[in-house]
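Given next are the chains, with one letter for each unit.
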Amino acid sequence: MALNKDQVIELLEQATILELADLIDTLKEKWGVTAAVAVSGGGAAAAEVKEEQTEFDVVLVDAGANKINVIKEVRAITGLGLKEAKDLTEKGGAIKEAVSKEEAEKVKAALEAAGAKVEVK
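Residues numbered from 1 in each chain as written. Predicted model: local features only at pLDDT ≥ 70, side-chain atom pairs only at ≥ 80, totals over all residues. Heavy atoms only, no water.

**Here's the deal with the overall build of the protein chain**
Our working rule: Strands here mean DSSP runs of E at least two residues long; helices mean DSSP runs of H or I at least four residues long; both are numbered from the N terminus. Relative accessible area decides the class of each residue, using a 1.4 Å probe on protein chains only: under 20% of the type maximum gives buried, over 50% gives exposed, and in between gives partly exposed. Here a residue-residue contact requires only that any non-hydrogen atoms of the pair lie within 4.5 Å. Exposure was quantified through the Shrake-Rupley algorithm and a 1.4 Å probe, taking into account, for residues, occlusion by the shown protein chains and nothing else.
A count of helical and extended segments in the protein chain gives six helices and three strands. Overall, the protein chain shows an N-to-C arrangement of helices and strands of α-α-α-β-α-α-β-α-β. Put simply, the protein chain has 121 residues, and 17% of those count as buried. A separation of at least 24 residues holds for 66% of the contacts in the protein chain among residues at least 6 apart in sequence. As displayed, the protein chain offers around 8,900 Å² of accessible surface, 56% of which is attributable to carbon and sulfur atoms.

So this is what it looks like as structure tokens:
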């Protein structure tokens, strides 16, 4: 008996998660499919997505020896008050989130000029 696509989907909808997991394992064994093949195909797609990244986070790793200048830059960049900028400078963390690459590089350069260690992610 030949099944069409809709019939197969209907059968799969009625199956439990355990039954589906067993089916997947059985098909892997029957057809010789391994996780490495699936990962390698996905890895190429992940590399393409990484190249197309449009939003970046600027993260303060270390304020360095000249914290006062870094606090001034953090205040100028974020618009935070003195206490909030000081706390952020001492703790480290995200200064700007989801910004363009150009803006992220600009913020990074300003903070590094003030003496901070910064990462763009």
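There is more to say after this.
**Examining helix α6 (residues 101–113)**
Every α-helix carries 3.6 residues per turn, so stepping three or four residues along brings you back to the same face. What counts is decided by this rule: To estimate how far a helix should reach, multiply one less than its number of residues by 1.5 Å. It is the directions from the helix axis to the C-beta atoms whose arc is reported.
The end-to-end C-alpha separation of α6 is 18 Å, in line with the 18 Å expected for 13 residues at 1.5 Å each. Among the residues making up α6, those that are buried are Ala 104, Val 107 and Leu 111. Each buried residue of α6 lies within a common arc of 65 degrees when the element is viewed along its axis, so the set occupies one face. Residues of α6 that are exposed and point more than 90 degrees away from the buried face comprise Glu 102, Lys 106 and Ala 113.

**Examining the pattern of salt bridges**
Worth spelling out the cut-off: Salt bridge criterion: a side-chain nitrogen from Lys or Arg within 4 Å of a carboxyl oxygen from Asp or Glu.
Taken as a whole, this structure holds four salt bridges when the rule is applied. Measuring nitrogen to oxygen at the nearest pair gives 2.9 Å for the salt bridge that ties Lys 86 to Glu 90. Of this pair, Lys 86 and Glu 90 are both found in helix α5 (residues 82–91), four residues apart, which corresponds to roughly one turn of the helix. Since its relative accessible area comes to 45%, Glu 90 is described here as partly exposed. For Lys 121, the salt bridge identified is with Glu 119, shortest N-O distance 3.7 Å. Here Lys 121 falls in the exposed class, since its relative accessible area comes to 52%. With relative accessibility at 33%, the residue Glu 119 sits in the partly exposed group.

**Concerning the nonpolar core**
Under the convention used in this document: Nonpolar core, defined: a set of buried Ala, Val, Leu, Ile, Met, Phe, Trp, Tyr and Cys residues in which side-chain atoms within 4.5 Å join the residues together.
Core analysis: the biggest nonpolar cluster contains 18 residues, and Val 58, Val 70, Val 74, Ile 95 and Leu 111 have the highest contact counts within it. Where this core is concerned, the elements lending two or more residues are β1 (56–62), α4 (67–78), α5, β2 (93–99) and α6. With four residues, α4 is the single largest residue contributor to this core. Contacts of Val 70, omitting those with residues within four sequence positions, involve Leu 60, Ala 63, Thr 89, Leu 111, Ala 114, Gly 115 and Ala 116.

**Observations concerning a negative patch on the surface**
Operational definition: Patch members must show over 30% relative accessible area and no salt bridge, and they are joined within 9 Å when carrying like charges or within 5 Å when they are nonpolar side chains of Val, Leu, Ile, Met, Phe, Trp or Tyr. We treat Lys and Arg as the positive residues and Asp and Glu as the negative residues; His and chain ends play no part in the count. Here the site of a charge means NZ on Lys, CZ on Arg, CG on Asp, or CD on Glu.
Taken together, Glu 19, Asp 22, Asp 25 and Glu 29 make up a surface patch of like negative charges. When you line up the elements, Asp 22 lands in helix α2 (residues 17–31).

**So, α4**
The terminal C-alpha atoms of α4, which comprises twelve residues, lie 16 Å apart, in line with the 16 Å expected from a rise of 1.5 Å per residue. Among all positions in α4, only Val 70, Ile 71, Val 74 and Ile 77 are buried. Down the axis, α4 shows its buried residues gathered within 130 degrees of arc, on one side only. Facing away from the buried side of α4 by over 90 degrees, the exposed positions are Ile 68, Lys 72 and Ala 76. In this fold, the buried residues of α4 make contact with β1, α5, β2 and α6. Two residues or fewer after α4 comes Gly 79, characterised by a positive phi angle close to 80 degrees.

Any functional reading would require information beyond the geometric quantities listed.
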